[in-house]
Amino acid sequence: MNEIKEQFGNVSKRYDSQREFLIPCFQDFYTACMPLVRSLTHAKTALDIGAGTGLFSQFIHREKPDLKFTLLDVSGQMLNVAKERFEGESNFEYIELDFGKDALPGKYDLIISGLAIHHLEDADKAKLYKNIYKALNDGGLFINADQVAGRNLLFDSLYKYNWRETVTHSGLDHEALIQAFERTKLDKLAPLETQLHMLEKAGFNDVDCIYKNMNFVVFGGFKDENVETAVI
Ligand SMILES: C[S@@+](CC[C@H](N)C(=O)[O-])C[C@H]1O[C@@H](n2cnc3c(N)ncnc32)[C@H](O)[C@@H]1O
């Protein structure tokens, strides 16, 4: 955990400017969930798990500016950048917390997470998904935009090789590249299917993958048996 705190703390001020180089499908990745988010017509509260500098929350905020946002992260330095981003906005609060260890505070209509849960071991991912389910209000939605492992060694290697090649030629400076490659050592990627099953085991009755581009995926579920009628 100290290493996560240290590495993200070190990059916090330059984090946002590097994102579009490091996520080749950046725009789609952060906006694929919007049709589902829009369907939450009565939502009042949102929690961003591993919010970092607040990038994912900013996309959601543009769509639903009236939500009350709680941004949670283990790195105070990453959250400081989020505080600058949303300076002057009264509907934002920030909590420094380890989501692998500590309970999630409060209840929410929408819970999002971007590129954070893949830092947990699989058993801890499963535990966190249960906690997320408990922290959702009825009818609530969970969205995880994250990186996953390939279904098998061939695809996993292909995804990793392709990402490395793409970002190496993206124009990102050498130092940033080295740091990004170093951060991948903190990753504990699990296959998409495994995580969809974890969500079902946690109690989510309707789960699916909304978007996939190589190993960048957006998936999640509703905590509501009547979701089909709610969305359509
Ligand atoms: C790659 S950044 C993603 C930030 C943001 N969600 C985004 O999409 O740009 C991962 C973030 O997860 C946080 N993180 C990783 N493991 C965590 C944990 N166990 N508890 C809280 N935060 C964690 C890191 O500190 C970092 O800010």
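Residues numbered from 1 in each chain as written. Predicted model: local features only at pLDDT ≥ 70, side-chain atom pairs only at ≥ 80, totals over all residues. Heavy atoms only, no water.

- The protein chain carries the name Class I SAM-dependent methyltransferase in an unreviewed UniProt entry, which gives Mucilaginibacter ginsenosidivorans as its organism.

### Some details on the packing of helix α1 (residues 2-11) against helix α9 (residues 174-183)
- Where α1 contacts α9, the axes come no closer than 11 Å and their chain directions differ by 160°. Taken as axis vectors, α1 and α9 run roughly antiparallel relative to one another. Pair α1 / α9 crosses with left-handed handedness. Contact residues: α1 offers Q7, F8 and V11, while α9 offers Q179, E182 and R183.
- Of the residues in the contact of α1 with α9, the class split is two nonpolar, two polar and two charged. (Axes fitted to C-alpha atoms, helices over the stretch in contact; angles between N-to-C directions. Helix = DSSP H or I, 4+ residues; strand = E, 2+ residues; numbered from the N terminus. Parallel < 35°, antiparallel > 145°, perpendicular 65-115°, else oblique. Left-handed = near helix turned anticlockwise from the far one by under 90°. Contact = heavy atoms within 4.5 Å. Nonpolar A, V, L, I, M, F, W, Y, C, P; charged D, E, K, R; others polar.)

### Some thoughts on the site of the ligand
- Neighbouring the ligand are 21 residues, the closest being Y15, Y30, G50, D73 and D98.
- Here a nitrogen atom of the ligand and a backbone polar atom of G114 are 2.8 Å apart.
- Protein contacts shield 99% of the accessible area of the ligand, which totals 600 Å² for the unbound molecule.
- Residues of the shell around the ligand, tallied by class, amount to 13 nonpolar, six polar and two charged. (Near = heavy atom within 4 Å. Polar contact = N/O pair within 3.5 Å; in protein donor to acceptor, adjacent residues only side chain to side chain. Areas by Shrake-Rupley, 256 points an atom, 1.4 Å probe, with all protein chains shown as cover.)

### Side note on the UniProt feature "domain: Methyltransferase type" (unreviewed entry) in the protein chain
- The sites that carry the UniProt feature "domain: Methyltransferase type" (unreviewed entry) are, in the present numbering, residues 47-142.
- In this annotation, residues 47-142 is assigned 34% helix and 29% strand; the end-to-end C-alpha distance for the span is 9 Å. (UniProt positions renumbered as here; feature names shortened; annotations may be inferred.)

### Quick notes on the sheet that holds strand β3 (residues 92-96)
- Taken in spatial order, the seven strands line up as β3-β2-β1-β4-β5-β7-β6 in an open sheet, and their pairing is mixed. Here the strands that pair on one side only, and so sit at the sheet edges, are β3 and β6 (206-213). Put simply, the sheet's adjacent strands are angled 15° from each other on average, direction ignored.
- Examined bridge by bridge, strand β5 (residues 136-147) and strand β7 (residues 216-223) share eight bridges and lie antiparallel to one another. In the sheet register, Q147 faces β7, and the bridge partner there is F216.
- The sheet strands contacting helix α7 (residues 122-135) are β1 (45-49), β4 (108-114), β5 and β7, and the helix crosses β5 at an angle near 145°. (Pairing = 2+ DSSP bridges.)

### A word on the pattern of salt bridges
- Per the counting criterion, the structure on display carries eight salt bridges.
- We note a salt bridge from K125 to D122, for which the minimum N-O separation is 2.8 Å. Separated by three residues within a single helix, K125 and D122 lie in helix α7, roughly one turn from each other.
- Taking the relative accessible area as the measure of exposure, K125 reaches 1% and is therefore buried.
- Residue K185 is joined to E182 by a salt bridge in which the shortest nitrogen-to-oxygen separation is 3.0 Å.
- Since its relative accessible area comes to 63%, K185 is described here as exposed.
- Judged by relative accessible area, E182 falls into the partly exposed class, the value being 34%. (Salt bridge = Lys/Arg side-chain N within 4 Å of Asp/Glu carboxyl O. Buried < 20%, exposed > 50% of the residue type's maximum accessible area, 1.4 Å probe, protein only.)

### Let's talk about unusual backbone geometry
- The phi angle at L115 is positive, at roughly 50°, despite the residue not being glycine.
- Topologically, L115 is positioned in the loop between β4 and α7.
- Residue class for L115 comes out buried when judged on its relative accessible area of 11%.
- A positive phi angle, near 55°, is found at M214, a position not held by glycine.

### Topic: a nonpolar patch on the surface
- A contiguous nonpolar surface patch, about 300 Å² in accessible area, is contributed by L154, F155 and L158.
- For L154, the location among the structural elements is in helix α8 (residues 153-168). (Patch = residues over 30% accessible without salt bridge, like charges linked within 9 Å, V, L, I, M, F, W, Y side chains within 5 Å.)

### Considering the environment of E121
- Position of E121 among the secondary structure elements: in the loop between β4 and α7.
- Among the residues examined, E121 registers a relative accessible area of 46% and is labelled partly exposed.
- For E121 and H197, which are 76 residues apart along the polypeptide, the C-alpha to C-alpha distance reads 16 Å.

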